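So the chains spell out like this:
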Amino acid sequence: MKTIDAKLLKSWIHDEHEIAVLDIREHGQYGENHLFFAVSLPYSVLELRVGRLVPRKNTRIVIYADHTGEAVVKAAARALQRLGYTHVHILQGGIQAWQAAGYATFAGVNLPSKTFGELAEHIYQTPHISARQLHERIQSAPASLVILDGRPIPEYRKMNIPGSICCPNGELALRARQIAPDPSTTIIINCAGRTRSIIGAQTLINLGIPNPIYALENGTQGWYLSGYELEHQSNRLYPEKINPELLAEARQSAHHLIQQFELQSISCQQLKIWQEETNRTTYLFDVRTAQEFEESRLSSAIRHAPGGQLIQATDEYIGVRKARIVLADFDQVRAPVIASWLKQLGWEVYLLPETDKLATLAVPMDEALALVHPQTLSPQETINFIKQYPQASILDSRSSMQFRSVHLKQAQWVIRPTLLKHVSPDIQTPVLLLGTGNDTTALLATDMANAGYQNIQQAIFDPSFFEAAGLPLERQSNNPPDAECIDFLFFVHDRHHGNKEAARKYLEWETNLVSQIDEEERKTFRFNVPA
């Protein structure tokens, strides 16, 4: 297997060629400490996700873990090679070698986007308002104020500023004028922390919205830390229908952004040419709402990525740095706004106005994974199997936190990197895999079959199974212990659940990101602020 040292990897990250730097550790491990431009691709789901993150098989790929994960890294490299990836390299010495070479590592997730948000606030001088100031405004003049929550609807419903309206950042350009038509109305944009508040507010400012516009400093966490109550399960959502006159205004504003940021449009024919290239990667996204995407029934050649989240969590959609991004421009408003931010994030981005021709795009063939699919047992068959084979290895592959909440007393929690440590060494032992999805259990079954196990069954069920099974259960346990919960990110994990110290630490982490990056990382971002 090819290896690469830290110094060469650092030069590859910043040269002109495409590269995918993949951290194949589990989500909890990645979130505690990783490279700035690394993309999380846990080994437990590697074959299921890599095709979307890294669609071109001859992409230059570097994978890594830590000093304890050498066997897992080699297994991941072999898995990538089986899938047809031809340029796979392993970071020699893993993340410890990267640190030993003097390069920084980072906690948290979505690092480039969050760091970019902090830089954007400073460079654009985005106006902000504190939780105390907002509270006073709500008490004194609520009618002259609109609070827009820039997060996706599920996040908004978990907790929100009282009276706020959910309008995800990707929808602000299209819908803010309709929510606050009076230019004297103050618009406040908030998220849970900082990034989406800043980007959302600056989006409206960049569009020339005449209203007074502010980002809520530190979002819902800052509100809670200031001693104010949050609402839960709110359902005040953005308006779906847009006034035609306001749509015309929004298009005119977006056109100014196209000119300011020199955004280029391409034809569907040009896109087809790019998609056939073997030396470049081109991603195609629909940045509209999930409902619009689903109702359009588009070719599977285009992926859905809500615009605000494509900015906020770019590394969850795009695994190849220096690739091209093409945004389908359905309404001449949302895609240009998202493109303006992606270009400043350092991406090569284009608009595709010919959305009526999307049906002519070739649909990429999804290669069938060579996986073992065990027989799936019904709930009653599962109970019968457990009673018939008391010596069976019962392996529960749900998340560690789900397992801790409730599990069969005789079950073991398993995750792919440590799977074979939790099963009987006797390959004749019957095995029952418990899970919530066929694909993930199939990966485990395949690994076990390759290790020689033959009698493998699976059961796919929801939590109600435990209540009906009539089998001994264990609830609210610390099994597995924290050290083994490698899928769960403990990094300030309860900042949204009443832990004020965790919220403070998170906000401190976020505001300190800029001071931790080096000059090469900073140069990745390309701001375009009018003189």
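Our subject is the structure that appears above.
It should be emphasised that the depicted structure is a prediction, and the values quoted were computed from it without experimental measurement. (Residues numbered from 1 in each chain as written. Predicted model: local features only at pLDDT ≥ 70, side-chain atom pairs only at ≥ 80, totals over all residues. Heavy atoms only, no water.)

**Student:** Describe the sheet that holds strand β13 (residues 303–304), listing the residues and the values that go with them.
**Tutor:** Pairing within the open sheet is parallel, and its 5 strands lie in the order β11-β15-β14-β12-β13. Of all the strands in the sheet, just β11 (264–265) and β13 have a single pairing partner and so form its edges. Sheet topology note: the strand β12 (residues 282–286)/β13 ladder contains 2 bridges and is parallel. Across the sheet, Asp286 pairs through a bridge with His304, a residue of β13. (Pairing = 2+ DSSP bridges. Helix = DSSP H or I, 4+ residues; strand = E, 2+ residues; numbered from the N terminus.)

**Student:** Explain the sheet that holds strand β1 (residues 2–4) to me, using residue names and the numbers behind them.
**Tutor:** The strand order across the open sheet formed by 5 strands is β1-β5-β4-β2-β3, and the pairing between neighbours is parallel. Edge strands, defined here as strands with exactly one partner in the open sheet, are β1 and β3 (39–40). The pairing of strand β4 (residues 61–64) with strand β5 (residues 88–91) spans 3 bridges and is parallel. Across the sheet, residue Ile63 finds its bridge partner in β5, namely Ile90. Relative to β1, helix α1 (residues 6–14) is tilted by about 85°, and along the sheet it contacts β1, β2 (20–23), β4 and β5. Where helix α4 (residues 70–82) meets the sheet, its contacts fall on β4 and β5, and the angle it forms with β4 comes to roughly 150°. (Contact = heavy atoms within 4.5 Å. Axes fitted to C-alpha atoms, helices over the stretch in contact; angles between N-to-C directions.)

**Student:** Quick rundown of the pattern of salt bridges? Include the residues and the values.
**Tutor:** Two side chains bearing opposite charge may form a pair once their charged atoms approach each other closely. Counted by the stated rule, this structure contains 31 salt bridges. Between Glu18 and Arg280 there is a salt bridge; the shortest N-O distance is 2.9 Å. Of this pair, Glu18 sits in the loop between α1 and β2 while Arg280 sits in the loop between α13 (268–276) and β12, and the two are 262 residues apart along the sequence. Its relative accessible area of 7% is what places Glu18 among the buried residues. With relative accessibility at 21%, the residue Arg280 sits in the partly exposed group. It is possible to trace a salt-bridge network through shared partners that takes in Glu18, Arg56, Glu277, Arg280, Arg324 and Glu348. (Salt bridge = Lys/Arg side-chain N within 4 Å of Asp/Glu carboxyl O. Buried < 20%, exposed > 50% of the residue type's maximum accessible area, 1.4 Å probe, protein only.)

**Student:** So, the pairing of β12: which residues are in play, and what are the values?
**Tutor:** Burial runs high along β12: 5 of the 5 residues are buried. Across 4 bridges, the pairing between β12 and strand β14 (residues 324–328) is parallel. Considered in β14, the bridge of Phe285 is made with Leu327.

**Student:** Can you explain the packing of aromatic side chains? Please cite residues and give values.
**Tutor:** Taken as a whole and assessed by the stated rule, the structure comprises 19 aromatic pairs. A centroid spacing of 4.9 Å and a plane angle of 50° characterise the contact between Phe385 and Tyr389, whose relative ring orientation is tilted. Given a relative accessible area of 25%, Tyr389 falls into the partly exposed group. With a centroid separation of 5.5 Å and 90° between ring planes, the pair formed by Phe461 and Phe466 is classed as edge-to-face. In terms of burial, Phe461 and Phe466 fall into one category: buried. (Phe/Tyr/Trp six-rings, centres within 6.5 Å; stacked < 30°, edge-to-face > 60°.)

**Student:** Any details on the side chain of Thr105? Residues and values, ideally.
**Tutor:** Checked against the element boundaries, Thr105 lands in the loop between α5 (94–100) and α6 (111–124). A polar atom in the side chain of Thr105 sits 2.4 Å from the side chain of Asn33. Of the polar contacts made by the side chain of Thr105, one reaches the side chain of Gln99; its length is 3.1 Å. Excluding residues that lie within four positions of it along the chain, Thr105 makes contacts with Asn33, His34, Ile95, Trp98, Gln99 and Gln516. (Polar contact = N/O pair within 3.5 Å; in protein donor to acceptor, adjacent residues only side chain to side chain.)

**Student:** How would you sum up the nonpolar core? Please name residues and give values.
**Tutor:** Counting residues in each nonpolar core, the largest one holds 106 residues, and the members touching the most others are Leu9, Ile63, Phe285, Leu310 and Leu327. In terms of residues, this core owes the most to one element, α4, which gives 7 residues. What Leu327 contacts, discounting residues up to four positions off in sequence, is Phe285, Val287, Leu310, Ala335, Ile338, Ala339, Leu342, Val349, Tyr350, Leu351 and Leu352. In this structure, Ala411, Trp413, Phe465 and Phe466 belong to the second largest nonpolar core, which totals 21 residues. (Core = buried A, V, L, I, M, F, W, Y, C linked by side-chain atoms within 4.5 Å.)

It is worth stressing that arrangement in space is one thing and function is another; only the former is reported here.
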